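Descriptive analysis of the structure
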Amino acid sequence: MSIDAVKRIGVVGSGAMGTQIAAVCALAGYPVKVQDIATESLERARQVLTEQLEKRVQKGKLSREQVDGAWSRLSWTTDLGEAVRDADYVIEAIVEKLDAKRELFARLDELAPAHAILATNSSTIVSSKIADATRRPENVCNMHFFNPVLVMELVEVVMNPQTSEDTADTAVELCRRIGKTPILLKKEISGFVANRLLMALFKEAMYLYEQGIADFKDIDLAATKALNHPMGPFTLMDFTGLDVNYYVMQQQYAETGDPAMKPPEILREKFERGEFGRKSGKGFYTYE
Ligand SMILES: NC(=O)c1ccc[n+]([C@@H]2O[C@H](COP(=O)([O-])OP(=O)(O)OC[C@H]3O[C@@H](n4cnc5c(N)ncnc54)[C@H](O)[C@@H]3O)[C@@H](O)[C@H]2O)c1
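Residues numbered from 1 in each chain as written. Predicted model: local features only at pLDDT ≥ 70, side-chain atom pairs only at ≥ 80, totals over all residues. Heavy atoms only, no water.

Here we look at the pattern of salt bridges
Taken as a whole and judged by the stated rule, the model has 18 salt bridges. Between Arg 8 and Asp 86 there is a salt bridge, with its nearest N and O atoms 3.9 Å apart. Placement of Arg 8 in the segment before strand 1 (9–12) and of Asp 86 in the loop between helix 4 (80–84) and strand 4 (89–92) is noted, with a sequence separation of 78 residues between them. Taking the shortest distance from any N to any O, the salt bridge between Glu 272 and Arg 268 comes out at 2.9 Å. Of this pair, Glu 272 and Arg 268 are both found in helix 12 (residues 265–272), four residues apart, which corresponds to roughly one turn of the helix. (Salt bridge = Lys/Arg side-chain N within 4 Å of Asp/Glu carboxyl O. Helix = DSSP H or I, 4+ residues; strand = E, 2+ residues; numbered from the N terminus.)

So, the side chain of Asn 160
Tracing the backbone shows Asn 160 in the loop between strand 7 (154–159) and helix 7 (165–177). Polar side-chain contacts of Asn 160 include one of 2.9 Å to the side chain of Ser 127. Only 2.6 Å separates the side chain of Asn 160 from the backbone nitrogen of Gln 162, close enough to count as a polar contact. Beyond its immediate sequence surroundings of up to four residues, Asn 160 is in contact with Ser 127, Ser 128, Ala 131, Pro 137, Val 140 and Glu 188. (Polar contact = N/O pair within 3.5 Å; in protein donor to acceptor, adjacent residues only side chain to side chain. Contact = heavy atoms within 4.5 Å.)

Remarks on the UniProt feature "domain: 3-hydroxyacyl-CoA dehydrogenase C-terminal" (unreviewed entry) in the protein
The sites that UniProt annotates as "domain: 3-hydroxyacyl-CoA dehydrogenase C-terminal" (unreviewed entry) are residues 191–287. Taken end to end, residues 191–287 is 61% helix and 0% strand, and its first and last C-alpha atoms sit 29 Å apart. (UniProt positions renumbered as here; feature names shortened; annotations may be inferred.)

Digging into helix 11 (residues 242–256)
A rise of 1.5 Å per residue sets the reference length of helix 11, with its 15 residues, at 21 Å; its end C-alpha atoms lie 21 Å apart and thus fit the reference within 8%. Residues of helix 11 that are buried include every one of Leu 242, Asp 243, Asn 245, Tyr 246, Met 249 and Gln 252, and no others. Lining the buried residues of helix 11 we find helix 8 (194–210), helix 10 (233–240) and helix 12. Where helix 11 terminates, the next one or two residues include Gly 257, which has phi positive at roughly 70 degrees. (Expected span 1.5 Å × (residues − 1). Buried < 20%, exposed > 50% of the residue type's maximum accessible area, 1.4 Å probe, protein only.)

What follows is the structure, given as structure tokens:
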């Protein structure tokens, strides 16, 4: 299916990601139906999105007309059939559980038109683990957005071994049409590209610190003052949560068995002490 055949979009899951994915698609001119199993989640989504879009109008990032136009193209429902019956493209952003995603994709396969592309926004599950729950694995791919979707430009489109070139081309082109910058991964890999680069940086930073080469504050300075990164790796790890980083590395290690992927000792110690970073008041740095 070519990008021009994509007229309507369905988004499943109205959490942090699904809501903003729906918003960027609606802002780009697509009619979007958002489905969630929980009525409260749909209500919260509308409330939170109202505030987020209002802020962007105040900052001059969006005009009032753009925002009003987007709202007129957005609709919300708990009925999955209603959301995807006439969708040419469905983006899934539900809870990060393989079983739930497989069950959903099997239903999407029944309910969405046969030509529709079914994309998952999962941050860790590659689409080959989901595609075989459908009878259209060639129409299934990952479409990985970054949080917050209204602001972050990159989207990683990831092909599974059965994804057709046609599906990948359309997914990439859709990213462009909704104002994002796509990159295409022609093969699946755990963590995709951006987060792998980040994990490599985190691991090297922790290695240098553990070896006693430099203090973590100085390693942060090297990243900000020499490489022009907006934040040093230790500041960023504290910000995203040392528990989250520990789980991600643990999972990559479990999936690959590669000792180089094992979470560094310093990270394991902090995790076990409950020093999760900003959210717990202490990580590498100490917070008020
Ligand atoms: N949060 C992030 O930073 C981030 C970044 C990139 C990708 N992702 C991925 O996006 C997906 C969603 O993440 P999130 O942070 O928006 O989660 P979230 O918890 O904020 O929202 C998930 C929503 O899905 C709904 N839901 C659960 N099961 C459902 C089902 N069977 N059908 C319909 N709705 C269902 C829940 O009611 C909830 O509203 C996950 O796969 C996650 O890995 C998250």
